[in-house]
Number of protein chains: 2
Amino acid sequence: MNVGPRSPDEVLSLLRARGDRVTTSRRAVVEALLAGDHHVTADEIAARVAADHPEVHRATVYRTLDRLEEVGVVTHVHLGHGPSTFHLNDRPHHHAVCSSCGGVVEVPLAALDGLAERLRADHGFELSTQHFALSGRCRTCA
Amino acid sequence: MNVGPRSPDEVLSLLRARGDRVTTSRRAVVEALLAGDHHVTADEIAARVAADHPEVHRATVYRTLDRLEEVGVVTHVHLGHGPSTFHLNDRPHHHAVCSSCGGVVEVPLAALDGLAERLRADHGFELSTQHFALSGRCRTCA
DNA sequence: TTCTATGCAAACGATTTGCAGGGAG
DNA sequence: CTCCCTGCAAATCGTTTGCATAGAA
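Residues numbered from 1 in each chain as written. Chains lettered and ligands numbered in written order. Predicted model: local features only at pLDDT ≥ 70, side-chain atom pairs only at ≥ 80, totals over all residues. Heavy atoms only, no water.

Digging into the interface of chain B and chain A
Reports of interface size often rely on the accessible area that becomes lost once the parts have come together.
Then, in step 1: The interface is formed by 33 residues belonging to chain B together with 33 residues belonging to chain A.
Then, in step 2: Counting each side, the surface lost to burial between chain B and chain A is near 2500 Å², with a carbon and sulfur contribution of 64%.
Then, in step 3: Of all residues in chain B, B:H123, B:F125 and B:S135 bury the most surface against chain A, accounting for 23% of the area lost on that side.
Then, in step 4: Taken together, the links from chain B to chain A amount to zero salt bridges.
Then, in step 5: Linking chain B with chain A are 11 residue pairs in polar contact (both at pLDDT 80 or more).
Then, in step 6: Elements that contribute at least two residues to the side of chain B that touches chain A include exactly β4 (94-98), β5 (104-107), α5 (113-123), β6 (126-127) and β7 (133-137) of chain B. (Contact = heavy atoms within 4.5 Å. Buried area = accessible area lost by both parts, 1.4 Å probe. Salt bridge = Lys/Arg side-chain N within 4 Å of Asp/Glu carboxyl O. Polar contact = N/O pair within 3.5 Å; in protein donor to acceptor, adjacent residues only side chain to side chain. Helix = DSSP H or I, 4+ residues; strand = E, 2+ residues; numbered from the N terminus.)

Considering the domain arrangement of chain A
Then, in step 1: Along its sequence, chain A is carved into domain 1 (8-74) and domain 2 (93-136).
Then, in step 2: One C-alpha centre belongs to domain 1 of chain A, the other to domain 2 of chain A; they are set 27 Å apart. (Domains from an automatic or database assignment.)

Some words on the protein's contact with DNA strand C
Then, in step 1: As a matter of local geometry, DNA strand C sits amid 19 residues, with A:R21, A:T23, A:T60, B:R21 and B:Y62 nearest to it.
Then, in step 2: Sugar and phosphate atoms form 67% of the subset of DNA strand C atoms that lie within 4 Å of the protein.
Then, in step 3: One of the side-chain N or O atoms of A:T60 is found 2.3 Å from a phosphate oxygen in DNA strand C.
Then, in step 4: Here a base oxygen of DNA strand C and a side-chain polar atom of B:R63 are 3.4 Å apart.
Then, in step 5: Every element with two or more residues in the surface near DNA strand C is listed here: α2 (24-35) and α4 (58-71) of chain A together with α4 (58-71) of chain B.
Then, in step 6: Of the residues belonging to the surface near DNA strand C, the class tally is five nonpolar, five polar and nine charged. (Near = heavy atom within 4 Å. Nonpolar A, V, L, I, M, F, W, Y, C, P; charged D, E, K, R; others polar.)

Spelled out as structure tokens, the structure:
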């Protein structure tokens with residue numbers, strides 16, 4: 001099922017290949033990302049990192065996540081009003097967020113194919129997947 | 001086409017009906033909202049209001065928009081990274097935002113019916129329309 | 001040695017809040 | 001005369017940035 005990098009080293013080697021440097025902080029951020037739940041905020045990563053490396057600054061977490069996104073291993077999604085969440089690109093999907101409990105439902109990419117086609121045909125609009133969340137009410141809250 | 005309130009008084013009467021007070025500031029905000037483009041940020045409204053009423057504070061603009069949303073005349077939408085935009089509920093629609101130029105394409109509600117049905121069937125998820133923006137590239141930027 | 005990446009602090013943009021006074025009903 | 005609404009200032013939240021220095025290659 002998972003098609004992307006699964007180990008910190010795998011991810012870090014992508015940075016190295018780009019000419020970037022592999023540092024203790026970056027390793028810690030990547031480890032926190034892999035260890036966490038699929039959708040993690042920068043703050044959650046920072047907290048997890050801080051457990052082992054209290055000196056790593058939030059700014060570094062943000063900068064590292066930025067880089068990882070540029071390299072293409074990571075995607076950030078806006079789930080609603082709160083902070084962005086980050087996740088590996090290993091399992092492409094859309095997000096449906098419950099506005100009541102904040103729960104996230106992962107939606108297969110194909111579910112939006114029809115909409116994408118319609119937007120293309122009617123408005124010449126190329127829907128870019130995965131970066132936006134759908135909002136509504138989940139089963140239990142509705 | 002437009003089915004909602006079209007004049008400041010119409011909007012303000014909804015507030016009054018709720019027991020709220022109608023003040024100079026609130027009237028100014030409503031007028032700015034009606035005068036503006038369909039999608040306006042709080043800041044744009046504040047600027048427009050300031051032209052005639054320099055004493056009206058940004059906080060009041062936010063508070064008034066909040067109230068109007070509670071009453072159901074106004075909706076705010078997150079178009080992307082920037083500030084929220086507000087618009088009257090007179091012409092329900094979805095929003096597709098170009099991540100490149102920031103342009104907004106208004107998409108008919110029906111365009112998401114299929115998706116909504118699928119989310120309901122597959123995930124028990126009730127898609128709530130109009131509050132989220134779809135992102136992608138518009139015709140000219142793609 | 002050479003530069004990139006880091007920590008720190010401060011700035012930032014959007015929005016919210018506590019408070020005491022002003023004004024609508 | 002009552003309270004709601006307001007202006008103001010300050011706080012908050014998520015995120016970014018300038019700077020001098022540590023540290024990877």
